[in-house]
Protein chains: 4
Amino acid sequence: MNTFGKIFRLTSFGESHGKAIGGVIDGCPSGIVLDEAFIQSELNRRRPGQSNITTPRDEKDKVEFLSGIFEGKTTGAPIAFAIWNADQHSKDYENLRSVFRPSHADYTYEAKYGIRDYRGGGRSSARETIARVVAGAVAKLVLRQLDIEISAYTSQAGPIKLAGNYKDYDLSLTETNAVRCPDPQTAVEMEKYILQIKNEGDTIGGVVSCVVKHVPVGLGEPVFGKAHAELASAMLSINAAHGFDYGLGFDGAEKRGSEVNDEFYSENGVIRTRTNNSGGIQGGISNGEDIFFRVLFKPVPTLLKDQKTVDSQGNETVVKAKGRHDPCVLPRAVPIVEAMAAMVVLDLYLLNKTSKF
Amino acid sequence: MNTFGKIFRLTSFGESHGKAIGGVIDGCPSGIVLDEAFIQSELNRRRPGQSNITTPRDEKDKVEFLSGIFEGKTTGAPIAFAIWNADQHSKDYENLRSVFRPSHADYTYEAKYGIRDYRGGGRSSARETIARVVAGAVAKLVLRQLDIEISAYTSQAGPIKLAGNYKDYDLSLTETNAVRCPDPQTAVEMEKYILQIKNEGDTIGGVVSCVVKHVPVGLGEPVFGKAHAELASAMLSINAAHGFDYGLGFDGAEKRGSEVNDEFYSENGVIRTRTNNSGGIQGGISNGEDIFFRVLFKPVPTLLKDQKTVDSQGNETVVKAKGRHDPCVLPRAVPIVEAMAAMVVLDLYLLNKTSKF
Amino acid sequence: MNTFGKIFRLTSFGESHGKAIGGVIDGCPSGIVLDEAFIQSELNRRRPGQSNITTPRDEKDKVEFLSGIFEGKTTGAPIAFAIWNADQHSKDYENLRSVFRPSHADYTYEAKYGIRDYRGGGRSSARETIARVVAGAVAKLVLRQLDIEISAYTSQAGPIKLAGNYKDYDLSLTETNAVRCPDPQTAVEMEKYILQIKNEGDTIGGVVSCVVKHVPVGLGEPVFGKAHAELASAMLSINAAHGFDYGLGFDGAEKRGSEVNDEFYSENGVIRTRTNNSGGIQGGISNGEDIFFRVLFKPVPTLLKDQKTVDSQGNETVVKAKGRHDPCVLPRAVPIVEAMAAMVVLDLYLLNKTSKF
Amino acid sequence: MNTFGKIFRLTSFGESHGKAIGGVIDGCPSGIVLDEAFIQSELNRRRPGQSNITTPRDEKDKVEFLSGIFEGKTTGAPIAFAIWNADQHSKDYENLRSVFRPSHADYTYEAKYGIRDYRGGGRSSARETIARVVAGAVAKLVLRQLDIEISAYTSQAGPIKLAGNYKDYDLSLTETNAVRCPDPQTAVEMEKYILQIKNEGDTIGGVVSCVVKHVPVGLGEPVFGKAHAELASAMLSINAAHGFDYGLGFDGAEKRGSEVNDEFYSENGVIRTRTNNSGGIQGGISNGEDIFFRVLFKPVPTLLKDQKTVDSQGNETVVKAKGRHDPCVLPRAVPIVEAMAAMVVLDLYLLNKTSKF
């Protein structure tokens, strides 16, 4: 199951050390100007080697479109694209041919399929998310025409977290620091902490928060296919994601109905809510307020430290990562979260075109 | 989109005050003995009026099977079922015809479809989950043959929460109290708190935890369709659900990789992990350890208190629930969480049959 | 796989001698007036016992809607319906418990599922098509608003066939005779022939032709999901259907490109074709001309004659139908063909709403 | 909708004069040896320039696999592939920028999407079928392990047709002549006729027949997803296909039930039918006999003759093909029909794994 979406759909392909990572976008409306520079800039946000707190692997990740575009516009035909792999240190992984790295997908792939491409994690590598960033960028180009904006940022890195929510920060500052935190002071602390962890050969996880603004009322399906269920499914398909909440999240679990219900009022003929503990979604359907949600990421499981494990015969052994790895996925997860959100919102938008006659 | 699942699929139908709630189960393997008493007992766990902390609405919720069963067994044909609605106090809702209850689906349904059945929430009513409990019970009957067991329980009700995880409690005690908490002492506190909240006309939310035992290795798809993404999508399709995490959840966001990685070892030829921060899922695929996850529920939005809101013309008004309502969904959400989990695990099991030749 | 369609979807259920035949329609646009009298009239066209050339089984086939309708209109919620079975002569089928009727689905169901409801064919009974007629009638109510008209008719019954195509006849005459042939004189011959075959305990097949008028340009997807491929899939899902062609059919296989190409011209600013050998579909997409196609039906396999066969142990035996059966499915297939066509055209219409921005 | 299949799925991409034609195969079981030489040989059967009765365009159509293969075997990951376009005479098509060729997809694409890649038909070009041949070849590699064999051949070219069915010919002779007809004498006549037609600047259509041997009992779904409905949908998605029948086809429409019913008997404990008018499928499910069906192809619409038409403004004009075109698609359609059949049969096989527990 390498296809995501109902109308706007991405079929993703590729392994870390194969020839290419890529995908096919189907169901994209015709007539959209394909701004390749924008798409590449989104990929650059995801790319390794962009700062001292990400892996120093220098991957250019240049996207090449193979189909579906004519004279610079989408035609309704499937949009295939590839990002050719390069700078592959496959030999760094030779020792993993028959060893299962703790908390990686090595063992489960081997058990499920009886075979696995062990080089760089193969299909389970986070390089797969390149395809999502491309498809998400295309989705953003469509959503732009609806004035829909999607902004994700790092809200917690290990123990260091932002106290407020998205309204408390200037999100235009997110891209001004390597950790992608909109609060410059917290960003400094986060970076310092990540570097310290990196120097210890260890890793951390954290939380990416995301807000979607100017969402029309009516997106999302009532029972299955609720807007937040689609977002959760999208977010939890990202490597290392371990949790999702929206609106009133886990932190608000202690509150009472009378504290969190969102009172309706009318503003210039538009029905609004005074608070937004619903996170912009009621009964699975967008209500016109900002959609916001959080995604929890576990620490990167690849450590530059000895770890006990077993090989495929069940023999005890020790594994220690070689190669170049991220101490923390958060900065590079931010554009991936945005990309998946863009795909979901566009898909729900297109689907909603069929709800009334 | 009222269909859930890829192979084992439920199509759900019905409104709170319509003729019936029901569904069609498609893709159920043939030859399964349909234990109707068991299915009814699962429905009884969900049914209103079962204790003093749930709504006193006395709904029998008796399931009637319409197809797909022959001489007591499934035939591979679609299994349709209906639960006939009764005890409808539709007049209790007449005042809601043109008023939008805060944090309900009234406004978004109206905006999306231009029409809504306002009686008892119509399609957005939690009565829809009856269909899920039936389908989940059928799925459990299949999973039984694989010795797979699913146990959910209330782990947090408002501010009162269990300190430990599922291994710290005897889950067979879950059904011994009205709140469905496996720790009898905490259960007493939770019940007391819920009653107090109820008396104040208010409501609370909380958390349901769930564990799936004896899961075979290999369930779940690598990229989209990851086991935890499917579970998240399932859980967040339940009314009032606002969050999901698995394994190392939001509470562990501060931990380091070296603290949470799950070391592999071999136990009598079976590859196991010493810890289970992965929650039984690695790379989206079950690794044979227990799958465990949490579902966050917001407080019931229906209050027996005045709340400010607007009507469909945007005029300010006040709404106060009549009728009989739950102060807290958790006790009745427990069997629904189990049902959705059963559907997901069976679906992944059937899909996995196609992964190797 | 008991669900048909992508956006407008029917999930069908029920066995010939079970409690009910029914279905769930999902994805129907909201706000459509559900004209129950019209839907029932469509069912009456399919119903047994309507003439001396159909089975004398007297089934009322009264549809009951269970959900999805509020104050007479569709709400966007799933529309469930049931037709309760009655007048069941299950005992007529007791002898078929372990005998496989030639050219029926008895053997393949038994082999596939290891169990089958043998009464009246169980799930393989043509009674299942009741669900399609209901869903098709709902689709017709939607298509009416687009002025799209669907007309099927019997064009060949055994060796007796119409010489011309749909343009040569007054299709309003189709319902004036029992065989549903728009040419009154041919209808008389067909009826005479069917009665003769019936008296011999034998059966015949034939061809149903269908035309869809006023189809907007643009319906159908270019590669998979071509309009004619969807129609073929729909038609060949009808019991006893063995073939499908559209536009220039099998009869025109000998013609040259220069004879059959459809020349374009402009008529008051609308681009039209002078001939319509394309059957209203070019490159899988409707071009605004009439869509027309044919469906081949094999003879009913149930004979009132001795036929050699085997039982489930492989022992030779003889089977002769008891009960009341159609000598020819064509008259009752006509409304089913229309129903499936309506579902396909509406589905393609809704899907096409997403093709441009 | 550029994805075909439920479990074994092809997502196809590419335009005639774009960078590449290709696809992504998802759901292929792991552990299959990817015999690239075989796959290329299948592509060579489809490739232009292979004989004097096909287009002289010399396209190498060399497939390049981009993912999903490790050490020569499938891994369960998606298998992406591309065939790079070359030898493009795009200028041959410049005159078609705003002209609609009769009986082509030019007008409908333009109307549906508001934009089209007019070069060589763009997405509507039969070059798209390259992707199907590759995916079909992969499917054949899997089916080989089940001993399932698929053989298609030209059974009618214009007015010249084979009198018998597949049992009357030695199908191993199909590849011995350019027209792919298993009867050498008829093949000579067909070739002569096609050359004559070609010299006149005209084109013809005809019929491809196909037989699938050694199909296990039980493939196909009972109601929607019947084996023959899936085959029909697959075949009618091929460019220029206009009809499909199976078993007793249109030619047998005049026969009686007593003439065509397939009597069961037992042969060494295996239940067989003495005749096979059911075409190997009963109730939508394979019965173990040979599956056979026919596909009707219309004449190629591209003529080397003047044809009247209009441009996108509705102005009358004349179009005459330049470039190199097939006078008859049949020889090259044979491997495409086989490829689609292989995909359908494998898909049904995989799906059937889930039908019993």
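Residues numbered from 1 in each chain as written. Chains lettered and ligands numbered in written order. Predicted model: local features only at pLDDT ≥ 70, side-chain atom pairs only at ≥ 80, totals over all residues. Heavy atoms only, no water.

### Describing the relation of the copies chain C and chain D
Structural alignment of chain C on chain D gives an RMSD of 0.0 Å, achieved by rotating through 180 degrees and translating 0.0 Å along the axis. The relationship between the two copies is best expressed as a two-fold rotation axis. Interface overlap between copies is the fraction of interface residues in one copy that are interface residues in the other; for chain C against chain D it reaches 100%, indicating a shared surface. (Least-squares fit on C-alpha atoms with pLDDT ≥ 70 in both. Contact = heavy atoms within 4.5 Å.)

### Concerning the relation of the copies chain B and chain A
Superposing chain B onto chain A takes a rotation of 180 degrees combined with a translation of 0.0 Å along the rotation axis, leaving an RMSD of 0.0 Å. Taken together, the interface assignments show that 99% of the residues at the interface of chain B recur at the interface of chain A, consistent with an identical surface on both copies.

### Quick notes on the interface of chain B and chain A
Put simply, an interface is often sized by how much accessible area is lost when its parts join up. With 105 residues of chain B at the contact, the number on the chain A side is 104 residues. In total, chain B and chain A occlude about 8000 Å² of area from one another, counting both sides; carbon and sulfur atoms represent 61% of this. Across the contact surface, chain B and chain A share 7 salt bridges. Of the charged contacts in the structure, one is a salt bridge between A:Lys112 and B:Glu221, with a shortest N-O distance of 3.4 Å. Where chain B packs against chain A, one counts 37 residue pairs in polar contact (both at pLDDT 80 or more). Of the residues that constitute the side of chain B that touches chain A, the class distribution is 42 nonpolar, 38 polar and 25 charged. Both strand S11 (residues 241–246) of chain A and strand S11 (residues 241–246) of chain B contribute to a ladder of 3 bridges, which runs antiparallel. Bridge pairing in S11(B) links A:Phe244 to B:Phe244. (Buried area = accessible area lost by both parts, 1.4 Å probe. Salt bridge = Lys/Arg side-chain N within 4 Å of Asp/Glu carboxyl O. Polar contact = N/O pair within 3.5 Å; in protein donor to acceptor, adjacent residues only side chain to side chain. Nonpolar A, V, L, I, M, F, W, Y, C, P; charged D, E, K, R; others polar. Pairing = 2+ DSSP bridges. Helix = DSSP H or I, 4+ residues; strand = E, 2+ residues; numbered from the N terminus.)

### Some details on the interface of chain C and chain D
Across the boundary between the two partners, chain C contributes 105 residues, which contact 105 residues of chain D. Ranking the residues of chain C by area buried against chain D places C:Met1, C:Lys112 and C:Phe224 at the top, with a combined share of 11%. At the boundary of chain C with chain D, the tally comes to 7 salt bridges. At the surface where chain C touches chain D, the tally comes to 37 residue pairs in polar contact (both at pLDDT 80 or more). Looking at the side of chain C that touches chain D residue by residue, the class counts come to 42 nonpolar, 38 polar and 25 charged.

### A closer look at the sheet that holds strand S3 (residues 20–26) of chain B
All names here are of chain B. Judged by pairing direction, the sheet is antiparallel, and its 5 strands sit side by side in the order S1-S2-S3-S7-S4 without closing on themselves. Looking along the sheet, the strands with just one partner apiece sit at the ends: strand S1 (3–4) and strand S4 (63–65). Here 2 bridges tie S1 to strand S2 (residues 9–14), and the two strands are oriented antiparallel to one another. Across the sheet, Thr3 pairs through a bridge with Thr11, a residue of S2.

### What about the sheet that holds strand S16 (residues 291–297) of chain D?
Backbone hydrogen bonds hold the strands of a sheet together, and the pairing may be parallel or antiparallel. Strand order in the open sheet formed by 10 strands is S9(C)-S8(C)-S10(C)-S16(C)-S11(C)-S11(D)-S16(D)-S10(D)-S8(D)-S9(D), and the pairing between neighbours is antiparallel. Two strands in the sheet have a free side with no partner beyond their single neighbour: strand S9 (160–161) of chain C together with strand S9 (160–161) of chain D. Where strand S11 (residues 241–246) of chain D meets S16(D), 5 bridges bridge the pair, whose relative direction is antiparallel. Along S16(D), the bridge assignment pairs D:Asp245 with D:Arg294. Where helix H5 (residues 227–235) of chain C meets the sheet, it contacts strand S11 (241–246) and strand S16 (291–297) of chain C together with S11 of chain D, and its direction lies at approximately 160 degrees from that of S11(C). (Axes fitted to C-alpha atoms, helices over the stretch in contact; angles between N-to-C directions.)

### Some points on the nonpolar core
Core analysis: the largest hydrophobic core is formed by 360 residues, its most contacted members being A:Phe293, B:Phe293, C:Phe293 and D:Phe293. Contacts of D:Phe293, omitting those with residues within four sequence positions, involve D:Val208, D:Ser209, D:Cys210, D:Val212, D:Leu231, D:Met235, D:Phe244, D:Asp245, D:Tyr246, D:Val337 and D:Ala341. (Core = buried A, V, L, I, M, F, W, Y, C linked by side-chain atoms within 4.5 Å. Buried < 20%, exposed > 50% of the residue type's maximum accessible area, 1.4 Å probe, protein only.)

### A closer look at helix H5 (residues 227–235) of chain A
Most of H5(A) is tucked away: 9 of the 9 residues are buried. Among all positions in H5(A), only A:Ala227, A:His228, A:Ala229, A:Glu230, A:Leu231, A:Ala232, A:Ser233, A:Ala234 and A:Met235 are buried.

### Describing the side chain of B:Thr3
All names here are of chain B. Within the secondary structure layout, Thr3 lies in strand S1. By relative accessible area, Thr3 is classed as buried at 16%. At 2.8 Å, the side chain of Thr3 and the side chain of Thr11 are in polar contact.

### What to know about the side chain of C:Thr74
In this structure, C:Thr74 sits in strand S6 (residues 73–74). Residue class for C:Thr74 comes out buried when judged on its relative accessible area of 1%. A polar atom in the side chain of C:Thr74 sits 2.8 Å from the backbone oxygen of C:Pro29. When neighbours within four sequence positions are excluded, C:Thr74 is seen to be in contact with B:Ile115, C:Cys28, C:Pro29, C:Ser30, C:Gly31, C:Ile32, C:Leu34, C:Gly68, C:Ile69 and C:Ile79.

### Comments concerning the state of the cysteines
Tallying each qualifying case throughout the model produces 0 disulfides over all chains. No disulfide involves B:Cys181; its sulfur sits 12 Å from that of B:Cys328, the nearest cysteine. (Disulfide = S-S within 2.5 Å.)

### As for the packing of aromatic side chains
Within the structure shown, the criterion is met by 40 aromatic pairs over all chains. Note on C:Phe264 and D:Tyr107: the rings are 5.6 Å apart at their centroids and 70 degrees apart in plane angle, and the pair reads as edge-to-face. You can see C:Phe264 sitting in strand S12 (residues 264–267) and its partner D:Tyr107 sitting in helix H2 (residues 106–113), one on each of two chains. Accessibility assignment for this pair places C:Phe264 and D:Tyr107 in one class, buried. (Phe/Tyr/Trp six-rings, centres within 6.5 Å; stacked < 30°, edge-to-face > 60°.)

### A look at the pairing of strand S12 (residues 264–267) of chain B
All names here are of chain B. Note that S12 and strand S13 (residues 270–273) share 4 bridges and pair antiparallel. Looking across to S13, one finds that Ser266 is bridged to Ile271. Linking S12 back to S13 in an antiparallel pair, the connection comprises 2 residues, with Asn268 at a positive phi of about 55 degrees.

### With respect to the packing of helix H3 (residues 129–144) of chain A against helix H7 (residues 330–352) of chain A
Residues and elements named next belong to chain A. Contact pair H3 / H7: the axes reach a minimum separation of 7 Å and the direction vectors enclose 50 degrees. Judged by the inter-axis angle, H3 sits oblique to H7. As for how H3 packs across H7, the hand of that crossing is left-handed. Between H3, through Thr129, Arg132, Val133, Ala135, Gly136, Ala139, Lys140, Val142 and Leu143, and H7, the contact on the second element is made entirely by Pro335, Ile336, Glu338, Ala339, Met340, Ala342, Met343, Val345 and Leu346. Taken together, the residues of the contact of H3 with H7 sort by class into 13 nonpolar, 2 polar and 3 charged. (Parallel < 35°, antiparallel > 145°, perpendicular 65-115°, else oblique. Left-handed = near helix turned anticlockwise from the far one by under 90°.)

### Side note on the environment of A:Ile238
All names here are of chain A. One can find Ile238 in the loop between H5 and S11. Relative accessible area serves as the criterion here: at 2%, Ile238 is assigned to the buried category. When the C-alpha atoms of Ile238 and Ala333 are compared, they prove to be 8.4 Å apart, with 95 residues separating the residues in sequence. Apart from the residues within four sequence positions on either side, Ile238 is in contact with Arg132, Phe297, Ile336, Val337 and Met340.

### A short note on the pattern of salt bridges
Taken as a whole, this structure holds 112 salt bridges over all chains when the rule is applied. Close ionic contact of B:Arg127 with B:Asp61 constitutes a salt bridge, the shortest N to O distance being 3.1 Å. Taken together, the residues span a long stretch of sequence, with B:Arg127 in the loop between helix H2 (106–113) and helix H3 (129–144) and B:Asp61 in the loop between helix H1 (36–46) and S4 at a distance of 66 residues. Classification of B:Asp61 by relative accessible area gives buried; the value is 3%. Put simply, C:Asp106 and C:Arg101 hold a salt bridge, and the shortest N to O gap is 2.8 Å. For the pair C:Asp106 and C:Arg101, a shared accessibility class is recorded, and that class is buried. Here the residues in one salt-bridge network are A:Glu42, A:Arg45, A:Lys140, A:Glu175, A:Arg180 and A:Glu338, joined through shared partners.

### Considerations on the confidence of the model for chain A
Across chain A, the average pLDDT comes to 94, with 98% of residues at or above 70. Note on the complex model: pTM 0.97, ipTM 0.97. (pLDDT = per-residue confidence, 0-100.)

### Focus: the environment of D:Asn239
Residues and elements named next belong to chain D. Mapped onto the secondary structure, Asn239 falls in the loop between helix H5 (227–235) and S11. What makes Asn239 buried here is its relative accessible area of 19%. A polar atom in the side chain of Asn239 sits 2.8 Å from the backbone oxygen of Ser124.

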